[in-house]
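The chain contents come next:
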Amino acid sequence: MQNIDALIDAYIDHSIDDVQFETLCELLREDDANRQAFARRLATHSAITEWCVERSGGQLAGNLMDCTEEPGDVSALLRLLKESEDAADSVAVTIHDGADWKVPGPCKEQWRGALSYLHEHYVTPRVIGGLATAAGLLLGLVLAILLFSLADENEHFVEQAPFNVEPDVTTSPIVATLIAERDAVWESRPAKGLYARQRLTLTQGFAEIKTARGAIVNLMAPVTIEMLDCGNALRLHDGKIVGICETESSKGFMVRTALIDVIDLGTRFGVDASIADLSQVHVFEGEVQVEPQRQVTDGQAKHLVLEANQAIEISTLHGVKLLENIEPDRFVGILGINPLTSTGVGLDAGQADPNWRIVAIEGEELDTPLSLTVVDDFHHISRVENNPSSAQWIAFDTSTSEYRRSGKYTAQSTFIVPETVDLDAVHLHIQYFVDDHLTGLRINGRETNWHPDSHSSRNGSLVLDPYPTVLSHGINRISIELLNVIDTPVGFHMTFQLVHQDPPSR
Amino acid sequence: MKSRHMVAAFIRSLVRDEHYAEDVLQKVAINAATKFEQYDRDREFAYWLIGIAKRQVAQHFREFQRDRHTFDQTLVDQLVDAYAHVADELPEREVALKTCIGKLNERGREVIDLRYQQNLKPQQIAERVGTSPTAITSLLHRIRKSLEDCVGKQLAKMGGD
């Protein structure tokens, strides 16, 4: 017979295996005394947890109940708030009309958490004038109570509640900034400043955030993250992200999933937590350290350092598994946010270019963008040869592609212009070579001087003057329309350069 | 407040990731406050509160299912009864526990710190202190047992006072 206390402890410490867990369940099902032993053991575990947090100066979020008079009288919450305006050890609570309230010290963390939570779950139209701070807050709370009482037991709140508070950004530190978006739809739209413990759910599109210490994080929907307190870390609840740490201060940026901590050592990497019980890390440049969160790595090294072009999968079922290849397409490819890179750079023939996708055919957006791969047998390569260090031809695979039909193909790449770039002094130069069978070439909606008969573009370069005015810091997009008149796969070869131009001399 | 101890323990018994457990606890607290008008005062308050906790835990698992070692609904309901049964004794147990933690030796305090304050798993603790995960698992088990024994004695002493 297994010792039930040992099984409970193994369960608490995540070291229980499947057989032991089944045994524990059986013991709990069959005897009420076992269940009470379980409850007491977990109460001890819970109490130790809270003791440790309190001892370290922290406050557990759930202690809001301690700020109420049992049984949870809301009026006590309100009274507490009102009576404590002048409490010495207090924290300001920012109300929409700009006034500040004070919340007593012992409850300040709870109130901060409560306000953040309420903000996330309510649409909060700004109260314009009129309402005094106290009346506004009281009314908001009372209406919230009424609305809650009218709602059924499911917790989805769809109506607009007149809750006129916003998260206490004055006391929750801003730990990151939303610096760019593209076609972004948020579950609850964030402000530009992102504060600790704020949860963000991007349901459509792309976005880019920058942590207080300079790490860039690319988000592709659907994804849910939560900013952590230290200003250089986030929790990835669901979905995929790409982390880019190019500055010294951003090193050490951490992504935490349910299974692992991924700590950047100066790199570009992707983390995928889209599937329950499974996390993947793909390193595109530099190194990361991976630390498993749970007992999923028995018998293997716990702190793994992954180098560029290495990928790992960690699951509760199979532990740690090194993957054969990184899959940048699943991250940066789909996300499509990269430094502006000429086509095919650094890739071998047959590899998909992570920077480019066919996103539409005949102007109709594709549900799944199509890859363009580096080709070494394209019919124009003899004229403009591939050079992996500068640019290569990318095209639909001529041997297998079904996309041979004529029509207008839209290729797209999304890239980041760093904040260090002076937009007033930069021009984007594009040198392009395209398939002879193309009768039209437009870049970002503008006609180019390419002509199928003149072939003038083959050896020339094109400077798009308006670019300095349309480029912006953060995410930019370049879109290329290729009009194909005969049934042959399309392909192109382009070199991009951000060229600094000196200001005119006076 | 006895109910909070019970609810916190109940949530942590189902949601083992401490960060997630805190989130759920937070939501339960807010729901309890805002839905208080729905509370039927003829019912045991602990049951009402733990009912909210149960729904929030279910909601959590719908959104963030990450743990394959989860109890089935029947067993969760049975555990609800068990928690309600022990709820009255939990506040005193917590007071006694604080005294007992203070009596742990240095090694015990170190391991408790690593396990709870730094939220490390036995494997990670083992690497930190230079021993095997099994030894840490065993040590944590002994520490909890000694704490519970100590709590029992403290409660007996308090009862005798």
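Rules used in this analysis
Residues numbered from 1 in each chain as written. Chains lettered and ligands numbered in written order. Predicted model: local features only at pLDDT ≥ 70, side-chain atom pairs only at ≥ 80, totals over all residues. Heavy atoms only, no water. Core = buried A, V, L, I, M, F, W, Y, C linked by side-chain atoms within 4.5 Å. Buried < 20%, exposed > 50% of the residue type's maximum accessible area, 1.4 Å probe, protein only. Helix = DSSP H or I, 4+ residues; strand = E, 2+ residues; numbered from the N terminus. Disulfide = S-S within 2.5 Å. Axes fitted to C-alpha atoms, helices over the stretch in contact; angles between N-to-C directions. Parallel < 35°, antiparallel > 145°, perpendicular 65-115°, else oblique. Left-handed = near helix turned anticlockwise from the far one by under 90°. Contact = heavy atoms within 4.5 Å. Nonpolar A, V, L, I, M, F, W, Y, C, P; charged D, E, K, R; others polar.

## Here we look at the nonpolar core
Here's step 1: Among the nonpolar cores identified, the biggest contains 51 residues, and A:L24, A:F38, B:F10, B:I11, B:F71 and B:Y83 are the most heavily contacted of them.
Here's step 2: The set of elements that each furnish at least two residues to this core consists of helix 1 (4-12), helix 2 (18-30) and helix 3 (32-55) of chain A together with helix 1 (2-14), helix 2 (18-34), helix 3 (45-64) and helix 4 (73-86) of chain B.
Here's step 3: Broken down by element, this core gets its largest block of residues, nine residues, from helix 3 of chain B.
Here's step 4: A:V223, A:M227, A:I260 and A:V271 belong to the second-largest nonpolar core, a separate cluster that totals 38 residues.

## Overview of the state of the cysteines
Residue and element names in this part refer to chain B.
Here's step 1: For the structure shown, the criterion picks out one disulfide over all chains.
Here's step 2: Here C100 engages in a disulfide with C150; their sulfurs sit 2.0 Å apart. Residues C100 and C150 are joined by a disulfide whose S-S torsion is about -85°; by sign, that bridge is left-handed. Residue C100 is found in helix 5 (residues 90-101), and its partner C150 is found in helix 8 (residues 133-160); the two are separated by 50 residues along the sequence.
Here's step 3: With a relative accessible area of 2%, C100 lands in the buried category.
Here's step 4: Under the relative-accessibility criterion, C150 is labelled buried at 15%.

## Quick word on the packing of helix 1 of chain A against helix 2 of chain A
The axes of two packed helices give the description: the angle between them and the distance between them.
All names here are of chain A.
Here's step 1: Relative orientation of the contacting elements helix 1 and helix 2 amounts to 125°, with a least axis distance of 10 Å. It follows that helix 1 is oblique to helix 2 by the angle criterion. Handedness of the helix 1/helix 2 crossing: left-handed. The segment helix 1 lies against helix 2, with I4, L7, I8 and Y11 engaging Q20, F21, T23, L24, L27 and L28.
Here's step 2: Of the residues in the contact of helix 1 with helix 2, the class split is eight nonpolar, two polar and no charged.

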